[in-house]
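# An overview of the molecular structure
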Amino acid sequence: MQCRQEENNLKYLVIGAGGTGGSIGAYMTEAGKDVTLIARGEHLRRMQEQGLQMETTAKGNYTVHPIKAVDMEHYEDRPDVIFVCVKGYSLEETIPFIRRVAGPHTIVIPILNLYGTGSRMQDKLPGILVTDGCIYIAGEIREPGTILLRGDIFRIVYGVRNQEELRPELFMVAKDLKESGIEGVLSDNIRRDALQKFAYVSPMAACGLYYHVSAGEVQKTGDPRDTFVKLMKEIDALAVAMGVPFLVDIVATNLRILDTLNPEASTSMQRDVYAGKSSEIDGLIYEVVRMGHKYGVPVPTYEMIAEKARADGLH
């Protein structure tokens, strides 16, 4: 461990090789970083045999080959840093695996759409440092072995909830990400910064699902855009009640992000719901209603959307 730190050669493990994890793995592998992807099924087989195909608007289409990819059962290394990039409903199955492969100095950085993931994981992983994190990216698996990455934003924000847990390796992660063409931001207030990301992805998922629309319809003047704004204002009020008020105008900031998106872009929650798969609806919509009750903040727009989702049998 000490030798790797001195050489600034951290060993990375990325659990989940979808649009988020796969893109991290591809960019870091290209930059010569020591990174292994955890995947399964046909997606894993294609990566092992043909490499990872990247279709991007920023860098064109190319293949990262070879790329290290295995399933959980066959990973036998001891990583310095673990990026957790699974969907919220798959998080629980990563816990025993992390317990098995992590050492006393391993740092876990969860990058999920759901707010508060790090603290929930920390409770189940005593003795291992679990930070919090979020990512700004528009990526998805187009087909097994292929990642579609839209736009040119690729930013990972992460940090410790308690400043006494800050370690030199966390600064090294930011450097490795930068060298890989990824903007890495070590936050000094990750609760606020993660909630700020949530204040985009949760309203967008809720609005898109309620109206059954992609980004293009929310970019136009009309009910979907108005609803998106109302949802963001409810998260803004929650942030104040939670003691982590945003330092930016969250509505203006997120509308700028929205208006740069490909009009066909949609959230992964929407795509999962439409496909009849498990989704992150509990963490992205129902959890906000629970947060509203907990902090005494009215969230009528979220309650309206949650009521319709439950009526539609979505859990």
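Residues numbered from 1 in each chain as written. Predicted model: local features only at pLDDT ≥ 70, side-chain atom pairs only at ≥ 80, totals over all residues. Heavy atoms only, no water.

A separate point is the overall build of the chain. What the chain contains, in helices and strands, is 13 helices and eleven strands. In terms of overall size, the chain behaves like a compact globule, its C-alpha atoms giving a radius of gyration of 19 Å where 315 residues would be expected to give roughly 20 Å. Projecting the C-alpha coordinates of the chain onto the three principal axes gives extents of approximately 55 × 45 × 35 Å. The burial tally for the chain puts 55% of its 315 residues in the buried class. Of all intrachain contacts in the chain linking residues separated by at least 6 positions in sequence, the fraction that spans at least 24 positions is 69%. For the chain, the computed accessible surface area is about 13,800 Å², with 50% contributed by carbon and sulfur atoms. Charged side chains of the chain number 35 positive and 42 negative; the gap between the two group centres comes to 0 Å. (Helix = DSSP H or I, 4+ residues; strand = E, 2+ residues; numbered from the N terminus. Rg over C-alpha atoms; globule rule 2.2 N^0.38 Å. Buried < 20%, exposed > 50% of the residue type's maximum accessible area, 1.4 Å probe, protein only. Contact = heavy atoms within 4.5 Å. Areas by Shrake-Rupley, 256 points an atom, 1.4 Å probe, with all protein chains shown as cover. Lys, Arg positive; Asp, Glu negative; His and termini not counted. Charge placed at Lys NZ, Arg CZ, Asp CG, Glu CD.)

Now for helix α12 (residues 281-295). Under the 1.5 Å per step criterion, the end-to-end length of α12 is 20 Å for 15 residues, consistent within 8% with the ideal 21 Å. Helix geometry: α12 is bent most strongly at E287, by close to 40°. Within α12 the residues assigned to the buried category are I281, G283, L284, I285, Y286, V288, V289, M291 and G292. On its buried side, α12 packs onto α7 (190-211), α9 (223-241), α11 (268-274) and α13 (300-311). Positive phi shows up at G296, right after α12, with a value of about 70°. (Expected span 1.5 Å × (residues − 1). Bend = angle between axes of the 7 residues up to and from the residue.)

As a further point, take the environment of S187. Tracing the backbone through its elements, the reader meets S187 in the loop between β11 (183-186) and α7. When near neighbours in sequence (up to four residues on either side) are disregarded, S187 contacts V157, Y158, G159 and D193. Here the side chain of S187 touches I190 through a polar contact of 3.2 Å, landing on its backbone nitrogen. (Polar contact = N/O pair within 3.5 Å; in protein donor to acceptor, adjacent residues only side chain to side chain.)

Our focus in this paragraph is the side chain of Q270. By the secondary structure assignment, Q270 is in helix α11. The class for Q270 is buried, based on a relative accessible area of 2%. At a separation of 3.3 Å, a polar atom in the side chain of Q270 contacts the main-chain carbonyl oxygen of G208. Of note is the side chain of Q270, whose polar atom sits 2.9 Å from the backbone oxygen of V213. When neighbours within four sequence positions are excluded, Q270 is seen to be in contact with M204, A205, G208, L209 and V213.

Over its 22 residues, α7 extends 31 Å from the first C-alpha to the last, a length consistent with the 32 Å expected when each residue adds 1.5 Å. The buried fraction of α7 amounts to 19 of the 22 residues, a majority that puts the element mostly inside the structure. Positive backbone phi, at 55°, marks H212, one or two positions downstream of α7.

With that settled, the discussion passes to the confidence of the model for the chain. For the chain, per-residue confidence averages 95 on the pLDDT scale, and residues scoring 70 or more make up 97% of the total. Scored below 50 in pLDDT, residues 1-6 shows eleven contacts in the model against residues more than four places distant or in partner chains. (pLDDT = per-residue confidence, 0-100.)

Mapped onto the fold, T260 is located in the loop between α10 (250-259) and α11. Separated by 181 residues in sequence, T260 and P79 place their C-alpha atoms 36 Å apart.

One can describe the packing of α7 onto α13 by two numbers: an axis separation of 10 Å at closest approach and a directional angle of 50°. On the basis of their axis angle, the class for α7 and α13 is oblique. For the pair α7 and α13, the crossing hand works out as left-handed. Mapping the contact onto sequence places S202, P203, A206, C207 and Y210 in α7 and Y302, M304, I305 and K308 in α13. (Axes fitted to C-alpha atoms, helices over the stretch in contact; angles between N-to-C directions. Parallel < 35°, antiparallel > 145°, perpendicular 65-115°, else oblique. Left-handed = near helix turned anticlockwise from the far one by under 90°.)

Within the structure shown, the criterion is met by six aromatic pairs. Seen from their ring centres, Y75 and F97 are 6.1 Å apart, and the 70° between their planes marks the pair as edge-to-face. Of this pair, Y75 sits in the loop between β5 (69-70) and β6 (81-84) while F97 sits in helix α4 (residues 94-101), placing them 22 residues apart in sequence. Among the residues examined, F97 registers a relative accessible area of 5% and is labelled buried. A ring pair is formed by Y210 and Y211, whose centres lie 5.0 Å apart and whose planes are at 85°; its orientation type is edge-to-face. Under the relative-accessibility criterion, Y210 is labelled partly exposed at 25%. In this structure, R155 packs its charged tip against the face of Y136, placed 5.1 Å from the ring centre. It is K197 that lies over the ring of Y136; its NZ or CZ is 5.3 Å from the centre. (Phe/Tyr/Trp six-rings, centres within 6.5 Å; stacked < 30°, edge-to-face > 60°. Lys NZ or Arg CZ within 6 Å of the ring centre and 35° of its normal.)

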